[in-house]
Amino acid sequence: MDIYAFVLLAVLAIASALGMILNKNTINSALLLVVNLVSIAGIYLLLQAQFLALIQILVYAGAIMVLFLFVIMLLNVDEEESLMDGFRAKYLLAFLLGVIIFGQILYSLGGVTDMLPEISPKMLTVGTVEAVGDVLYTDYLFAFELTAILLTAAVVGALMVAQYKAKNSEGTE
Amino acid sequence: MIGIDWYLALSAILFTIGLIGVLIRRNAIVIFMCVELMLNAVNLSLLTFSAYHGDIAGQILVFFSLAVAAAEAVVGLAIIIAIFRNNLSVDITKVNLLRW
């Protein structure tokens, strides 16, 4: 049962990722990325990380991708000509580099593959919201507060960068 | 039960697809989405190791990585909007002000 679910989700994730980088329409790319993120959330569930699967769907597939879609529609980049055609040598080089890096990762994986442990039975109690919250609000409280500051700084910074022109014209008058 | 190497192989494949996407696309928004894909692939391998060791620290790390990715997406999209304002394009080959 686990294996069927994993194969289904993995094929879905890889196919949507490939579709994302090969699609000429930016909106289709963004929607395929949503499919990819949701299938990765399903794989998180297989790994007994229920809390993070939920957060993945809420934060990534929900909030971040809505932001992406808003920006794509705001900038209206859809009407540009295809952004992928160019000289072919670049593609070949990129593909070769990708294959080399993939080979390196698989090689380093192959060296340790038989000494890796099985999935731990402790995970059934470790991945729940209760367990994550328990650790997050005690051991990692300081980092958690820092994250709040980081998010505030990001919002303020984004406002400053995106409003650059409006602020400038106001200053000159 | 699925072995740990299958999860890591899936993570490696997704990372490589994201990397190739960053290299071949010229649309800044798609490049940015490919970076998100690579982040996700690394999160997946972190969670895999966390699950197979029965240790929750990996999940906490993924949680913080999600928060940082959200902040990064906000700032990155703001920069893309600013670039679009100046160039009227999100084609990265046309952003050459600092190119030598």
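Scroll up a little and you will see the structure.
Residues numbered from 1 in each chain as written. Chains lettered and ligands numbered in written order. Predicted model: local features only at pLDDT ≥ 70, side-chain atom pairs only at ≥ 80, totals over all residues.

Some thoughts on the overall build of chain B
Defined as follows: For helices the rule is a DSSP run of H or I covering at least 4 residues; for strands it is a run of E covering at least 2, with both sets numbered from the N terminus onward. Only C-alpha atoms enter the radius of gyration, while the globule expectation follows 2.2 Å times N to the 0.38, with N the number of residues. Put simply, a residue is buried when 20 or more other C-beta atoms lie within 10 Å of its own C-beta and exposed when 12 or fewer do; between those, it is partly exposed, and each C-beta is set from the backbone.
Summing up its helical and strand segments, chain B has three helices and zero strands in all. Relative to the compact-globule value of 13 Å for 100 residues, chain B shows a C-alpha radius of gyration of 17 Å, a clear excess of over 25%. On the principal axes, the C-alpha backbone points of chain B span a range of 50 × 25 × 20 Å. Scored against the burial criterion, the 100 residues of chain B give a buried share of 52%.

Description of the overall build of chain A
This is how it is decided: Any two residues are considered in contact once their C-beta atoms, placed from the backbone, lie within 7 Å.
On a plain count of helices and strands, chain A comes out with eight helices and zero strands. Ordering the α and β elements of chain A from the N terminus gives α-α-α-α-α-α-α-α. Relative to its full complement of 173 residues, chain A shows a buried share of 25%. Expressed as a percentage of contacts within chain A between residues at least 6 apart in sequence, the contacts between residues at least 24 apart total 58%.

Considerations on helix H1 (residues 4-24) of chain B
Applicable threshold: Take the number of residues in a helix, subtract one, and multiply by 1.5 Å to get its expected span.
Here H1 of chain B contains 21 residues, and its C-alpha end-to-end distance of 31 Å stays within 8% of the 30 Å for a straight helix at 1.5 Å per residue. Within H1 of chain B, 15 of the 21 residues are buried, which leaves it mostly tucked inside the rest of the structure.

Points about the nonpolar core
For the record, the criterion: The term nonpolar core refers to a set of buried Ala, Val, Leu, Ile, Met, Phe, Trp, Tyr and Cys residues connected through C-beta atoms within 7 Å.
Core analysis: the biggest nonpolar cluster contains 67 residues, and Tyr44 of chain A together with Ile29 and Met33 of chain B have the highest contact counts within it. The leading source of residues in this core is helix H2 (residues 28-53) of chain B, at 13 residues.

Notes on the packing of helix H7 (residues 141-162) of chain A against helix H3 (residues 57-87) of chain B
What counts is decided by this rule: Angular values range over 0 to 180 degrees, each being the angle between N-to-C directions of two axes fitted as lines to C-alpha atoms, with helices fitted over their stretch in contact. Note that the term roughly parallel is reserved for angles under 35 degrees, roughly antiparallel for angles over 145, roughly perpendicular for angles of 65 to 115, and oblique for everything else. When residues are grouped by polarity, Ala, Val, Leu, Ile, Met, Phe, Trp, Tyr, Cys and Pro land in nonpolar, Asp, Glu, Lys and Arg in charged, and all others, Gly among them, in polar.
Between H7 of chain A and H3 of chain B, the least distance of the axes is 8 Å, while the angle of their chain directions is 10°. Overall, the two elements H7 of chain A and H3 of chain B adopt an arrangement that is roughly parallel. Note on element contacts: H3 of chain B touches H7 of chain A through Phe64, Ala67, Val68, Ala71, Val74, Val75, Ala78, Ile79, Ile81 and Ala82 of chain B, opposite Ala143, Thr147, Leu150, Leu151, Ala154, Val155, Gly157, Ala158, Val161 and Ala162 of chain A. Across the contact of H7 of chain A with H3 of chain B, the residue classes break down as 18 nonpolar, two polar and no charged.

Details of the packing of helix H1 (residues 2-22) of chain A against H1 of chain B
Each packed pair of helices is defined by two parameters, the angle between the axes and the distance between the axes. Interhelical geometry of H1 of chain A versus H1 of chain B gives an angle of 10° and a closest axis separation of 9 Å. In terms of orientation, H1 of chain A and H1 of chain B fall into the roughly parallel class. Residue-level contacts link Phe6, Ala10, Ala13, Ile14, Ala17, Leu18, Met20 and Ile21 of chain A of H1 of chain A to Trp6, Leu10, Ile13, Leu14, Ile17, Ile20 and Gly21 of chain B of H1 of chain B. Across the contact of H1 of chain A with H1 of chain B, the residue classes tally to 14 nonpolar, one polar and no charged.

Section: the interface of chain A and chain B
Across the contact, 74 residues belong to chain A and 59 residues belong to chain B. Looking at the side of chain A that touches chain B, the elements that each hand over two or more residues are H1, helix H2 (26-46), helix H3 (50-75), helix H4 (88-112), helix H5 (123-126), helix H6 (129-136), H7 and helix H8 (164-172) of chain A. By residue number, the principal contributor to the side of chain A that touches chain B is H4 of chain A, which donates eleven residues. Partitioned by chemical class, the residues of the side of chain A that touches chain B number 58 nonpolar, eleven polar and five charged.

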